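Chain residues, written in single-letter form:
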Amino acid sequence: MQLLSGTYPSLTVRGGHGTAAAPVTVKPASGASPSLTTVTSQANYVTWSGVLVTAPFYLTGTGDTVTGSHVNGGGLFVRGTNITVTGSLFENGSSIDGIQVGGAYGVLLKGNTVRNYNQSTNNGMHADCVQIFDSANVVVRRNNLSNCYNSGLILSVGAGDGIYGVTIEDNFISGCLVVSSACGGGSSVDLREASTVGLVVRNNTIGAGSARLGTQPGTVADRNIISYLSDCSVPLTNSVVASWNTKLCGTTLPLLQSGGNKAGTVRYANAASNDLHLTAAGATDATIKPVATTVPRAPTDIDGDATSATIAGADTPAGTGAATTADTTAPKTAISSPKSGSTVSGTVTLVATASDNVGLTDVIFRAAGLTLGAATKASDGSYRLTASTASFPKGVYTVTSVARDAAGNVATSVSVTLTLK
Ligand SMILES: [Ca+2]
Ligand SMILES: [Ca+2]
Ligand SMILES: [Ca+2]
C-alpha cells in the first residue's frame, strides 16, 4: 500500500490480507511525503515502513512492524502480539510516552532513537522515552533513549497483570537533560516494578539521571556503565558506576567492592548530545575484571560490534571485541501435566519441561491470550506454576508453556486443551 503526499486524517486499519510470510507493507509512494496523524493499526502482519506520524500511533494486531519511520510529536502504543519496532526515530512529544508497551506479548524494540519527550500538562502520562507494563517477552536492544521528562526506560505496574521476561541490552539510556523548564532531571532507568519476573539488564550505558534498578528475584544487571546509582543493594555485577547516592549508601558503596564492579568516571564521545560511545580513554575507563555470572554478556554492542569480555557498557570500540557466538537457538519446552483433554477445577498445578543450549531465563504459562504467571523450577528439574482458576469462566482453554533464554529467543510449547468446570 503506497501513500501519496498530503496530511491524512485519523486512520484505522482493519482486516487486511497480511501473513507472517507476506506482510502488507504501508509506505510512501516514490517521491511522496505523506504525513499521518492518529494511526490505529488493528490488522495483522502490517509493516509500516518509512512513514511520518505526528500523533498517537496504536499497534494492536499480531505480527506488525514499524521500521525506518519517524514519529514526530506523537508516541507509539504497542498493544499487540509479536510486534517489531526497529530503526525508527521518536521525538518531540509532549505529555505522551515515546514508546509505551502495555498488554503486549512478544515485542522487539531495536535500533531506535527516542528523545525529547516533555510533560507540559498534568495528564498522568509521565512522559517516558519507553514505558513497559502488563507485558511478556519484551526485548529492548541497541536503542538510544534520552531527554524524556520522567524516565528513559521504566517498568511500571499498569493493571497489575505483571511483567514477564524483559531483556534490556546494548542501549544508551539517559534521563532528562534539556527539554524544558518542567524537566526535573528524572530517572535514566526505573526498573523497580515489583511484579517483574525474568529481568536481564546487560551491556547498557546509562548516562545522566538516576538509575533505579530493581531487586526482584532473578534479576540480572551485568556489565553496565551507570552514571548515578540510586540504590545501595541491587544485583549489580561487572559494572562501572561513576557516582551514587552517598547519603543513603555511604561514600564507599559496598556492592562496588565485589562482583566485578568498580567505581569510576567514563569518558564519552559527546555526553551532552547523548553520544555515549567510548573515547579511546573511555575504553580504559570501562575496563573491568569480570566475575562469572548466570547469563553471558550480550554478543554485540549498540553498533553491532562484537562485545569485549573486559569492557562494560553498550559500546565496544570496533575491533577490540572478541567474537562471541550469538545464541540463536531457541529453548525447548513442553507441558507434561495436566495431560491434554483433562478436566480441571479449583487450584491447578501446571508442569512443564524446559531446556536451552545456553541457559533458560524464565518459563511462563499462558492461556486465553493471558500470561498466567511465571513457573518456578522444582527439585526434579521441572517448571511448575500453581494457579487458581477462580477468575476464569468455565469452558475449554488451550494452555501453553513459553520458555525464554538470555538472548531473547522464545519457544512456545505444543498447547494442551483443558476443560475447566
Ligand atoms: Ca509514562
Ligand atoms: Ca561500538
Ligand atoms: Ca538458546
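Definitions and cut-offs
- Residues numbered from 1 in each chain as written.
- Chains lettered and ligands numbered in written order.
- Predicted model: local features only at pLDDT ≥ 70, side-chain atom pairs only at ≥ 80, totals over all residues.
- Heavy atoms only, no water.
- Pairing = 2+ DSSP bridges.
- Helix = DSSP H or I, 4+ residues; strand = E, 2+ residues; numbered from the N terminus.
- Disulfide = S-S within 2.5 Å.
- Buried < 20%, exposed > 50% of the residue type's maximum accessible area, 1.4 Å probe, protein only.
- Core = buried A, V, L, I, M, F, W, Y, C linked by side-chain atoms within 4.5 Å.
- Contact = heavy atoms within 4.5 Å.
- Donors = N, O, S within 2.8 Å, 3.2 Å for Na, K, Ca; no water.
- Tetrahedral: all angles 85-135°; square planar, octahedral: opposite > 155°, others 65-115°.
- Domains from an automatic or database assignment.
- Buried area = accessible area lost by both parts, 1.4 Å probe.
- Salt bridge = Lys/Arg side-chain N within 4 Å of Asp/Glu carboxyl O.

Labelled according to an unreviewed UniProt entry, the protein appears under the name Right handed beta helix domain-containing protein, originating from Gryllotalpicola koreensis.

### Here we look at the sheet that holds strand 35 (residues 332–337)
Taken in spatial order, the 4 strands line up as 35-37-41-40 in an open sheet, and their pairing is antiparallel. The open sheet has two free edges, formed respectively by strand 35 and strand 40 (376–377), since each of these has just one partner strand. Across 2 bridges, strand 40 lies against strand 41 (residues 383–388) in antiparallel orientation. Paired with T376 across the strands is R384, a residue of strand 41.

### Quick notes on the state of the cysteines
Taken as a whole and assessed by the stated rule, the structure comprises 2 disulfides. The disulfide partner of C129 is C148, and the gap between their sulfur atoms is 2.0 Å. Classification of the bridge connecting C129 and C148 rests on its S-S torsion, roughly 95°, and on that basis the disulfide is right-handed. Residue C129 is located in strand 18 (residues 128–133), and its partner C148 is located in strand 20 (residues 144–148); the two are separated by 19 residues in the primary sequence. For C129, a relative accessible area of 0% gives the class buried. Its relative accessible area of 0% is what places C148 among the buried residues. Linked covalently through their sulfurs, C232 and C249 form a disulfide whose S-S length is 2.1 Å. With the S-S bond torsion at -80°, the cross-link from C232 to C249 turns out left-handed. A residue pair is termed long-range when its members are at least 10 positions apart, and C232 in the loop between strand 29 (225–229) and strand 30 (236–237) and C249 in helix 1 (residues 246–249) qualify at 17 residues.

### Side note on the nonpolar core
W48, I99 and L229 are the most contacted members of the largest nonpolar core, which has 61 residues in total. Beyond its immediate sequence surroundings of up to four residues, L229 is in contact with A211, L213, V234, L236, V241, S243, W244, N245 and L253. Of all hydrophobic cores here, the second largest spans 18 residues; its members include A354, V363, A403 and L418.

### Concerning the coordination of the calcium ion (ligand 1)
Surrounding the calcium ion (ligand 1) are the protein donor atoms D97 (OD), D97 (OD), M125 (O), H126 (O), D128 (OD) and Q131 (OE1), at 2.2 to 2.7 Å. Considering all 6 donor atoms around the calcium ion (ligand 1), angles at the metal cover 51 to 156° and the coordination shape is irregular. You can call D128 buried: its relative accessible area is 1%.

### Some points on the domain arrangement of the protein
If you check the domain split of the protein, you get domain 1 (73–285) and domain 2 (332–420). Look at where the C-alpha atoms of domain 1 and domain 2 centre, and you get two points 30 Å apart. Taken together, the contact pairs 14 residues of domain 1 with 15 residues of domain 2. For domain 1, the biggest contributors to the area lost against domain 2 are Y105, N137 and Y164; these three give 47% of the whole. Scanning the region where domain 1 abuts domain 2 turns up 0 salt bridges. Of all the elements in the fold, those that place two or more residues in the side of domain 1 that touches domain 2 are strand 19 (136–141), strand 22 (163–169) and strand 25 (196–202). Here the side of domain 1 that touches domain 2 takes 5 residues from strand 22, the largest share from any one element.

### Considerations on the sheet that holds strand 7 (residues 46–49)
Across the sheet, which stays open at both edges, the 11 strands sit in the order 1-4-7-10-13-16-19-22-25-28-30 with parallel pairing between neighbours. Of all strands in the sheet, those bounded by a partner on one side alone are strand 1 (2–3) and strand 30. Examined bridge by bridge, strand 10 (residues 65–67) and strand 13 (residues 81–86) share 3 bridges and lie parallel to one another. When the sheet's bridge partners are listed, T67 is paired in strand 13 with T86.

### A few points about the pattern of salt bridges
Inspection of the entire model under this criterion finds 8 salt bridges. Between R141 and E169 there is a salt bridge, with the nearest N and O atoms lying 2.6 Å from each other. One end of the pair, R141, is in strand 19; the other, E169, is in strand 22, and 28 residues separate them in sequence. With a relative accessible area of 17%, R141 lands in the buried category. Across the pair R202 and E169 runs a salt bridge whose closest N-O atoms are separated by 2.6 Å. Taken together, the residues R202 in strand 25 and E169 in strand 22 connect sequence positions 33 residues apart. Judged by its relative accessible area of 2%, E169 is buried.

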